[in-house]
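Below are the chains, spelled out letter by letter.
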Amino acid sequence: MAEAADFQGTSASPARRWLRRTGTLFAGVPLLAGLLQLPAASPAGATAQSTRQAPSGAGSVSVSVNSLTPSTPTEGDTVTVSGTVTNKGGKAVTDAHVGLRVGPLLNTRSGIETVARNSDDVQGAVGPEIDDKYSQEFERLAPGVSQPFRISVPTDELSLGKNGVYQLAVALSGQTSAQPWQQTLGVRHTFLPWQPEEADKKTRTTFLWPLISTVHTTAETGSDEQQTPVLRDDVLAKEISPGGRLDRMVALGKDLDVTWVVDPDLLASVDAMTESYEVRSEGDTTTAGRHQAVAKRWLAQVQSAVADNEVVALPFGDPDLASLAHNGTSVTGSLSHLKEATDVVVNTVEPILHVKPTTDFAWPVNGAVDPSIVKVATSAGADKVIARSDSFRETGDLSYTPSAARPIGGGTTAVVADARLSTLFQGDMTKASTTTSTVQRFLAQSLTLSLQTGRQRSIVVAPQRTPSASQAQTMAEVLKAVQDGNWSESQDLTAAAKAKPDPAATTEVPSASSYPSSLRKQELPQSAFEQIARTQDKLDKFQVILSDPSRVVTPFGRALNRGMSVSWRGQVAEAATYRSGVEAYLDGLLDQVKLIEKSETKLSGRSATIPVTVQNNLVQGVEHLTLRLTSTNPTRLEIDGAAYGEQPVTVSGGHSQSVKFTTSANANGRATVIAQLYTQDGQKYGEPVTFDVKVTEITATVMLVIGGGVLLLVLAGFRMYTQRKRAAAREVLEEKRAPDGGSEGPQNPGAPAVRLTKKSEDCSETDAPEQPSDPVPDTAPESADPSGTGERVDR
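The structure presented is a predicted model; accordingly, all values stated were derived computationally and were not measured. (Residues numbered from 1 in each chain as written. Predicted model: local features only at pLDDT ≥ 70, side-chain atom pairs only at ≥ 80, totals over all residues. Heavy atoms only, no water.)

Let's talk about the sheet that holds strand S13 (residues 286–288)
Working definition: the strands of a sheet are paired by backbone hydrogen bonds and lie parallel or antiparallel to each other. With mixed pairing, the 4 strands of this open sheet are ordered in space as S9-S10-S12-S13. At either end of the open sheet lies a strand with only one pairing partner, and these are strand S9 (217–221) and S13. Between one strand and the next, the sheet's axes are offset by a mean angle of 35°, whatever the strand orientation. Where strand S10 (residues 229–231) meets strand S12 (residues 278–280), 2 bridges bridge the pair, whose relative direction is parallel. (Pairing = 2+ DSSP bridges. Helix = DSSP H or I, 4+ residues; strand = E, 2+ residues; numbered from the N terminus. Axes fitted to C-alpha atoms, helices over the stretch in contact; angles between N-to-C directions.)

The following block contains the structure:
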């Protein structure tokens, strides 16, 4: 029963605890005397013995500090430390207890880092354990078993003196069957900032709160009037949904005094989700987006959160300035994309958030800079570059951390964020012990920095661009503690950039050779910028023929900005797939305006017209196009009296237009003809269409035969005319004779009538049309459909 109770962490009475420790001490006296009487051991043996009695590094028991409240205690407070102890050894630990030890002041920031790196070193220098009544005992810790602890102690029992950072060690002491004496088997070192009264000159601290995501929106849009956007995936919906990463960023940041740093692409993408949108699924299919309500809710929360804080907007898509500087400037037009990404910021952010953003800050990856990065960063109008102190290192003998602002020439200011504070929030923050350690470490660094000098300084904290939900939670806890502390006050980024620079601080931009190789390996390659430039050239050619260019210029322009995003670092294949997808989609649109293929065309006669059909499958009309028809053998076939002819082309959306060219044949045979579309600036558009024209010219002999036949017809007609005229004259003469008793009339009265009728019948048998009929056409009717084999053309 007693063992079971001890296993659950039940504390023994003070008298029993005193008797047990006294007995352990007496039991160790004979052993110590025996050891003193042994002959000197070999060095190796001595080393092994000392290691067993005073092991270095982590002990066999793991100590985790999951909570330390208040994180910045003052006079009259009670400090409460809670956590767990876990026996990771193979032997049970007996007669154990957890106690607190307060070490000496840590006067340097590097000293704090040293303690943090060795936070579980059982040999770390700490002070004596405070009174036994502020400890928790464990009769037995079985191997692999964890036990919780909770210790509370008033601040006046901690023997804290002047202001500063004290090392606080939570140590477990006990013994095992293999080492039956009291020893420290596990420890966790943390920090206790002590500034009970407000400082005369508080450090002004700027904390950047980033609202940045990865690339989610494609260049594709629907053919409807609203141009329904298409998202790459549904990840963004998860991030802005309750409990998602971006939802937590907004919920945590709304009550903090921070400077919001936003990517306009994120806001534009979520804003697009408030209406109809599509999500790319497997293959080339899309499904209707269903998170309009989530998008509206998130944007409303962002609007409320940033209402009273500074908003710094990065260029659209958060372009990778370092990649552009190192690999993109040699590609024509790359810098123009950065300028466009900057120019669209205000018109994107202000209508959505209802605040006017600050756009004169550039933020290279991890604040790493060199002269080329600064040059590119300021080329689009920014005059402030957010750097970091592990890149922009101090070269002088300063004994304190200077203010963030540094004039670096040309009217540009480098705002140097503190590296130690900025990088603390990386890694896994899902464990309470990690969060607590990070909070106390940040506060220790912040207070030590503040106590370095009597100068009032402006410090900037720039964490990673896309913190996880747990990292954001840790950041929020740190900020609340700092803002509740007595040595720091909040300040926005613009004020930090305008603060008076420290005259002794370094203002020289690091050289290119000092740029971290680990970051350079993750940069976008030159081929990425070449592909972006190639896509831009196609877009330039395409937009000039459109009746409404904005329908393609805007979505494709923003997609090209996204293709240069910082978020592609470490995702080479995904980045290439995205850029290729943008280019392929544009190629598909370009191919919607094309010439219809033609087969061989037959030309009978010396002149005729040849139709060529232009098809437009876009939803909008095309214009400013010219169709050129060129004869490769103008001596045989001329077009519009020359080697080629040109016609302007305008085609409505979803229609085709047939364009006719006049041709003239000079000789028999086959001539090749090439049809090609051109833009108004003389650039070829689309693929040419090549077809043959077979010329069958009419010969002189045939013309002579036809002429002879016509002449015979004319003569025959003239003969018939004269015969009719004579016959008519005879009839008139006979009619005049009849009343006078002509010689023929009385003998045979009916004869003349019979004879005249006969003549009339004879005449009808040999009669021909009064006018020759028109010849039958030898060409088929004009058609805009693809021509068939042996097509004849209009004369």
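A look at the pairing of strand S8 (residues 203–211)
Of all 9 residues that make up S8, 8 are buried, and the element is covered over most of its length. Direction of pairing for S8 relative to strand S20 (residues 488–490): parallel, over a ladder of 3 bridges. When the bridges of S20 are listed, Arg 204 appears paired with Glu 489. The sheet contact formed by S8 and strand S19 (residues 458–461) spans 4 bridges and is parallel. Each residue of the ladder has a partner; that of Thr 206, found in S19, is Val 460. Summarising the sheet, S8 and strand S11 (residues 259–262) pair through 4 bridges and their orientation is parallel. Bridged to Pro 210 within S11 is Val 261. (Buried < 20%, exposed > 50% of the residue type's maximum accessible area, 1.4 Å probe, protein only.)

Comments concerning the layout of surface pockets
The volume enclosed by the largest pocket comes to roughly 680 Å³. What lines the largest pocket is a set of 30 residues, and nearest its centre among them are Pro 229, Ala 268, Ala 272, Thr 554 and Arg 562. Looking at the lining of the largest pocket, the element that brings in the most residues is helix H19 (residues 550–562), giving 6 residues. (1 Å grid on protein atoms, 1.4 Å probe; cavity = no way out; pocket = protein on both sides within 12 Å on 5 of 7 lines; lining within 4 Å. Points joined across faces, edges and corners; volume = space filled by probe spheres on them.)

Some thoughts on the environment of Gly 396
Within the secondary structure, Gly 396 sits in the loop between strand S16 (384–388) and strand S17 (405–407). Judged by relative accessible area, which is 43%, Gly 396 ranks as partly exposed. Sequence-wise, Gly 396 and Thr 506 are 110 residues apart; in three dimensions their C-alpha atoms are separated by 7.0 Å.

As for helix H8 (residues 292–306)
For H8, spanning 15 residues, the distance from its first C-alpha to its last is 22 Å, which sits close to the expected 21 Å at 1.5 Å a residue. Among all positions of H8, only Val 294, Ala 295, Trp 298, Leu 299, Val 302, Ala 305 and Val 306 are buried. One side of H8 carries all its buried residues, which in axial view fall inside an arc of 125°. Facing away from the buried side of H8 by over 90 degrees, the exposed positions are Ala 293 and Ser 304. (Expected span 1.5 Å × (residues − 1). Arc of directions from axis to C-beta.)

Regarding the side chain of Asn 486
Within the element layout of this structure, Asn 486 appears in the loop between helix H15 (469–484) and S20. Its relative accessible area of 13% is what places Asn 486 among the buried residues. For Asn 486, the residues in contact, after removing those within four places along its chain, are Thr 74, Gln 195, Pro 196, Glu 197, Glu 198, Ala 199 and Lys 202. (Contact = heavy atoms within 4.5 Å.)

So, to be careful, I would describe these as geometric facts and stop short of saying anything about function.
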